[in-house]
Amino acid sequence: MDYQNIINHKFYKEDLDYICEFLNTHTDRIKGKVFVITGAGGLIGSCMVDALIYWNQFCGNKSDRVTVAAVGRNTQKLKDRFSYVLDKEDYDHLKFVEQDLGVDFNLKEILNSVLDQDADYIIHAASNSDPKNFSLHPVGTVTANITGMNRILEYAKEKDTRVLYVSSREVYGFIADKTAYEEQDYGLVDFNGLRSCYPESKRVSELLCRGYAEEFGVSTAMARLGYVYGPTMLMSDSKAIAQFMKKAVAGEDIVMKSRGEQVRSYCYVADIVDGLFRILLDGRKGEAFNAANRNAEISIRELAEKIAGCAGVEVVFELPDEVEAKGYSVPQDAIIDEKKLRKTGYAPRYGIEEGIHRTYEILKALWNG
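A. A look at the packing of aromatic side chains. Applying the stated rule across the entire model yields eight aromatic pairs. Seen in terms of ring centroids, Tyr18 and Tyr350 are 6.0 Å apart; in terms of plane orientation they differ by 85°. Their pairing is edge-to-face. You can see Tyr18 sitting in helix α2 (residues 10-24) and its partner Tyr350 sitting in the loop between α14 (339-342) and α15 (352-367), a full 332 residues away along the chain. Taking the relative accessible area as the measure of exposure, Tyr18 reaches 4% and is therefore buried. What makes Tyr350 buried here is its relative accessible area of 6%. A ring pair is formed by Tyr54 and Phe58, whose centres lie 5.0 Å apart and whose planes are at 55°; its orientation type is tilted. Of this pair, Tyr54 and Phe58 both sit in helix α4 (residues 43-58), four residues apart, which is roughly one turn of that helix.

B. Structural view of the sheet that holds strand β3 (residues 94-98). Read from one edge of the open sheet, seven strands run β3-β2-β1-β4-β5-β6-β10, paired in parallel fashion. Both edges of this open sheet fall to β3 and β10 (287-291), since each of them pairs with a single strand only. Neighbour-to-neighbour, the strand axes of the sheet open up by a mean angle of 20°, direction not taken into account. Note: strand β4 (residues 121-124) against strand β5 (residues 162-168), four bridges, orientation parallel. Each bridged residue has a counterpart across the sheet, and for Ile122 the counterpart in β5 is Val163. Taken strand by strand, helix α9 (residues 197-216) contacts β5, β6 (220-225) and β10, and its axis lies near 155° from that of β5.

C. Up close: the sheet that holds strand β7 (residues 227-229). Reading across from one edge, β7-β9-β11 is the order of the three strands in this open sheet, with mixed pairing throughout. Looking at the sheet topology across the chains shown, the edges are occupied by β7 and β11 (297-299). On average, adjacent strands in this sheet sit at an angle of 45° to one another, irrespective of strand direction. Of the pairings in the sheet, the one linking strand β9 (residues 263-268) to β11 comprises three bridges and is antiparallel in character. Paired with Val263 across the bridge in β11 is Ser299.

Reading guide: rules and limits
Residues numbered from 1 in each chain as written. Predicted model: local features only at pLDDT ≥ 70, side-chain atom pairs only at ≥ 80, totals over all residues. Heavy atoms only, no water. Phe/Tyr/Trp six-rings, centres within 6.5 Å; stacked < 30°, edge-to-face > 60°. Helix = DSSP H or I, 4+ residues; strand = E, 2+ residues; numbered from the N terminus. Buried < 20%, exposed > 50% of the residue type's maximum accessible area, 1.4 Å probe, protein only. Pairing = 2+ DSSP bridges. Axes fitted to C-alpha atoms, helices over the stretch in contact; angles between N-to-C directions. Contact = heavy atoms within 4.5 Å.

See the structure below:
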């Protein structure tokens, strides 16, 4: 897969320009700094790395360029993803770190092997985040969240590093009679279910962030994300929107196994990355922020229909009969309120139709290129 097709696409360049508009207002805070991004090959982490590399290309002095340590489980996959920069001068400012965050590790030793200065900012975005992986790798899901978070915070305690934890709306669990969750809300999680490996470990990781902030003065912040999508989605992603998009790009009908009545908070990846940088640089220590777009709430069925419309394909329903349906859980809406983050100046740019259009066009060039 030639990732030059995404970097050169006019829509993605517009996305990176948009993200850098905010970074440019904080030049004094980021110039010459070292950013460590875990999950660098994923949907969100890869866009953050792209944005920082892009910022480097247009900043005034070479000495102002940021250094990015991209952390992932496979160095070759990282090199493939960011191959567009390997033969350029900016390669000196991009370091690759191969590390499984689900096992015990010493972050200080790892970073000292590739960097000549300490990390100023760490964004912990590494986590299994799709249903298939929850099922196949529940232990790895828990350990990557909790063990990874603990080792990162230990490093930050010693080095006075700012840490942003990329969490999830799933920490809220289920709250009866609540339409949109706010940061102070909390609900029930069925800890007897294996799928709870994800929300429960996210909850504990957030608690670690607060604990290190309170007990040791570590500068932490947390971002609770809704459903994120965009052109940096992986073909292996098993989330519904990724599967819908994969079918559409291939010119195949979208198959739904449910009525898709639940409403969710979706957000285009460039809007999310803009929000994450705002939380990293402006968010108060020890606090959590919802990151979403209240103007992009849509049912799964409507989402499938809009994606199908981009590609000129159909949505096909393969619903269970009444007997089978009794085994399914009641659909639950998943909406989060991002007004706290909007107070920082966050204003997501892309509604659902524009975001889907941009995603489809870029992925068509990338996956079919």
